[in-house]
Amino acid sequence: MRPAPLLWRLLSLQTAAAITVDTTSASSIKSAASTVAFDLMTYYNGNTTGGIPGILPQPHFWWEAGGMFMTMIDYWRYTGDSTYNEVTSEALQFQVGPNNDYMPPNQTKNEGNDDQGFWAMAAMLAAETNFPNPPKDKPQWLALAQAVFNEMASRWDTSTCGGGLRWQIFAFNKGFNYKNSIANGCFFNLGARLARYTGNDTYAQWAEKIWDWEESLGLIDSRHNIYDGATDTQNCTQITRFQWSYNAGVFLHGAANMYNYTNGSKPIWKDRTAGILNASQIFFENNVMAEQACEPVKTCNLDQLSFKTYFSGWLASTTSLAAFTLPVIAPLLSASAKNAATQCNAGSTKTQCGSKWTGDAQNDGNMGIGQQMSALGVIQSAMVAIPGQKIIAAVTNSTGGTSVGNPEAGITSQNAAQMMASDMEVGLRDKIAAAFLTVAIVGGVIGGSVVMVFEK
């Protein structure tokens with residue numbers, strides 16, 4: 001038996017020159033992931049004296065912290081190493097906010113729908129994997145995801161573009177007039193997963209509605225390419241045609257959940273899952289993952305450097321939800337993991353990872369949180385490529401899920417009124433009426449960023 005992960009990591013620093021990984025060996029993947037995770041968590045000081053749990057150092061945005069802790073849940077899921085479970089749980093609970101909906105006061109004025117969505121998807125993953133539940137007097141993982149979903153439903157905006165979520169929640173934030181795929185993709189993803197977990201078809205109906213809206217605008221085209229978004233001042237007639245891996249991933253994973261939830265009774269979800277996966281080939285060069293919109297020209301910004309993290313995780317999760325995808329996804333994750341590990345050979349530890357994995361996979365000197373996250377995400381995700389490997393599968397409330405839900409979370413009249421109170425510029429009276437209508441309907445039945453266009 002090898003030493004505990006942190007001790008193993010400290011001992012290995014004496015001889016480490018680079019990370020190598022044999023993607024046919026679970027122990028090799030786990031060892032490599034442990035090394036990369038250690039380096040990643042050295043960037044985080046939210047659990048130290050004077051630190052704020054759940055917050056990454058400036059200039060990283062709040063949403064990326066949610067993405068990082070989602071990745072750390074997957075780390076535990078794929079490796080069985082619980083070293084970081086306590087700090088992950090602390091962060092996910094500290095940032096819930098006073099209304100238990102991932103709208104903490106220190107972030108709310110700048111918070112977008114996608115920002116809130118990433119924290120909610122982390123909570124949803126915790127519920128699906130039976131990540132250790134919070135104390136009973138604290139908000140529970142499933143209820144947190146439901147609260148965010150319900151608030152997103154109350155923000156569905158038909159005043160322009162026939163519907164959709166805006167990128168930003170409040171009118172005073174730049175990007176409020178932009179309706180984008182990542183905000184709506186988070187909403188779609190949560191709806192599909194909540195439908196599968198709870199068995200409540202209302203969530204699935206919302207997922208179908210969101211997909212149909214994306215298609216109606218051309219944000220998802222006939223070949224299942226997924227584009228960034230559109231400005232509502234032009235009634236969304238001009239599409240911003242950037243394609244990002246995390247947009248493909250969030251919709252792929254959602255579609256796979258819908259396929260799984262419907263148990264194949266709606267072939268369209270198999271077609272859509274396969275279609276997105278096929279369209280996602282643009283994110284691979286000789287089977288190795290690349291952020292094609294910015295990486296080849298070295299223009300990836302702070303946000304974009306983390307996108308491959310989430311894409312890797314959603315690809316891996318898709319294989320257990322839609323088994324027909326495994327033969328396609330497994331070699332992509334395996335090849336990407338090998339190359340990602342090879343260039344983790346720099347920094348003070350000589351095991352920090354760069355951003356570019358294609359070509360000869362030499363470390364490009366571009367290191368940081370997003371880069372380290374991306375390497376960790378793809379290395380640990382390669383576990384799904386090992387035949388017969390036992391991995392924690394996504395459960396439901398009828399197959400062993402233990403997280404306690406609250407289908408009315410996030411839809412109290414007080415919360416709806418508070419949310420709309422800051423939105424005077426876009427028709428306060430009409431939006432409050434719409435919010436309360438959604439509260440009545442949903443309560444009765446259910447009972448990242450466009451970073452090349454705008455900056456936060």
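Here the structure is a predicted model, which is why all the values come from computation and not from measurement. (Residues numbered from 1 in each chain as written. Predicted model: local features only at pLDDT ≥ 70, side-chain atom pairs only at ≥ 80, totals over all residues. Heavy atoms only, no water.)

Chemist: What's the story with the packing of helix H11 (residues 307–321) against helix H12 (residues 326–342) in this structure? I'm lost.
Modeler: When two helices pack together, their arrangement is given by the angle between their axes and by how far apart the axes lie. Where H11 contacts H12, the two axes come as close as 9 Å, and the packing angle between them is 145°. Our pair here, H11 against H12, has a crossing hand that is left-handed. Residues Ser312, Leu315, Ala316, Thr318 and Thr319 of H11 lie in contact with H12, whose contacting residues are Leu326, Ile329 and Leu333. Split into classes, the residues belonging to the contact of H11 with H12 amount to 5 nonpolar, 3 polar and no charged. (Axes fitted to C-alpha atoms, helices over the stretch in contact; angles between N-to-C directions. Helix = DSSP H or I, 4+ residues; strand = E, 2+ residues; numbered from the N terminus. Left-handed = near helix turned anticlockwise from the far one by under 90°. Contact = heavy atoms within 4.5 Å. Nonpolar A, V, L, I, M, F, W, Y, C, P; charged D, E, K, R; others polar.)

Chemist: What's the story with the packing of aromatic side chains in this structure? I'm lost.
Modeler: The relation between two aromatic rings is expressed through the spacing of the ring centres and the mutual angle of the planes. Considering all chains together, one arrives at 33 aromatic pairs under this definition. With a centroid separation of 6.3 Å and 45° between ring planes, the pair formed by tyrosine 310 and tryptophan 314 is classed as tilted. Here tyrosine 310 pairs with tryptophan 314, and both are found in helix H11, just 4 residues apart, close to one helical turn. The residues tyrosine 310 and tryptophan 314 share a single accessibility class, namely buried. Here a set of aromatic residues connected by ring pairs shows up, and it is made of Trp63, Phe118, Phe242, Trp244, Tyr246, Phe307, Tyr310 and Trp314. (Phe/Tyr/Trp six-rings, centres within 6.5 Å; stacked < 30°, edge-to-face > 60°. Buried < 20%, exposed > 50% of the residue type's maximum accessible area, 1.4 Å probe, protein only.)

Chemist: Can you help me understand the state of the cysteines in this one?
Modeler: Two cysteines, two sulfur atoms, one covalent bond between them: this is a disulfide. What the rule picks out here adds up to 3 disulfides. With its sulfur 2.0 Å from that of its partner, cysteine 161 forms a disulfide with cysteine 236. What sets the handedness of the cysteine 161 and cysteine 236 disulfide is the S-S torsion sign, and at about 80° it is right-handed. One end of the pair, cysteine 161, is in the loop between helix H6 (141–154) and strand E1 (178–180); the other, cysteine 236, is in the loop between strand E2 (229–231) and strand E3 (239–240), with 75 residues separating them in the sequence. Of the two residues, cysteine 161 and cysteine 236, neither departs from the other in class, the shared state being buried. Between the sulfur atoms of cysteine 294 and its disulfide mate cysteine 300 the distance is 2.0 Å. Taking the sign of the torsion about the S-S bond as the criterion, the disulfide between cysteine 294 and cysteine 300, at about 90°, is right-handed. (Disulfide = S-S within 2.5 Å.)

Chemist: Any chance you could explain the confidence of the model for the protein here in plain terms?
Modeler: Any region with low pLDDT has predicted coordinates that should not be read closely. Model confidence for the protein is summarised by a mean pLDDT of 89, while 86% of its residues fall at 70 or above. A low-confidence stretch, residues 413–456 (pLDDT under 50), is modelled with 93 contacts involving residues beyond four sequence positions or located in other chains. (pLDDT = per-residue confidence, 0-100.)

Chemist: Explain unusual backbone geometry here, please?
Modeler: A negative phi angle characterises most non-glycine residues, just as the trans form characterises most peptide bonds. Across the junction of glutamine 58 and proline 59, the peptide omega takes the value 10°, indicating a cis bond. Take proline 59: it is sitting in the loop between helix H2 (26–41) and helix H3 (62–79). Although it is not a glycine, lysine 298 sits at a positive phi angle of roughly 60°. Relative to the elements of secondary structure, lysine 298 occurs in the loop between strand E5 (288–289) and H11. For lysine 298, a relative accessible area of 77% gives the class exposed. Within the chain, lysine 350 stands out as a residue other than glycine whose phi angle is a positive 65°. Of note, lysine 350 is situated in the loop between strand E6 (344–346) and strand E7 (352–353).

Chemist: Sorry if this is basic, but what is going on with the sheet that holds E2 here?
Modeler: Pairing within the open sheet is antiparallel, and its 3 strands lie in the order E1-E2-E3. Two strands lie at the open edges of the sheet, namely E1 and E3, each paired on one side alone. When E1 meets E2, the two strands line up antiparallel, connected through 3 bridges. When the bridges of E2 are listed, lysine 179 appears paired with alanine 230. (Pairing = 2+ DSSP bridges.)

Chemist: Explain the packing of H2 against H3 here, please?
Modeler: Where H2 meets H3, the closest approach of the two axes is 11 Å, and the angle between their N-to-C directions is 155°. The angle between the axes of H2 and H3 places the two elements in the roughly antiparallel class. Note on packing geometry: the crossing formed by H2 with H3 is left-handed. In this structure, H2 contributes Lys30, Ala33, Ser34, Ala37, Leu40 and Met41 to the contact, and H3 contributes Met68, Phe69, Met72, Tyr75, Tyr78 and Thr79. Class assignment for the residues of the contact of H2 with H3 results in 9 nonpolar, 2 polar and 1 charged. (Parallel < 35°, antiparallel > 145°, perpendicular 65-115°, else oblique.)

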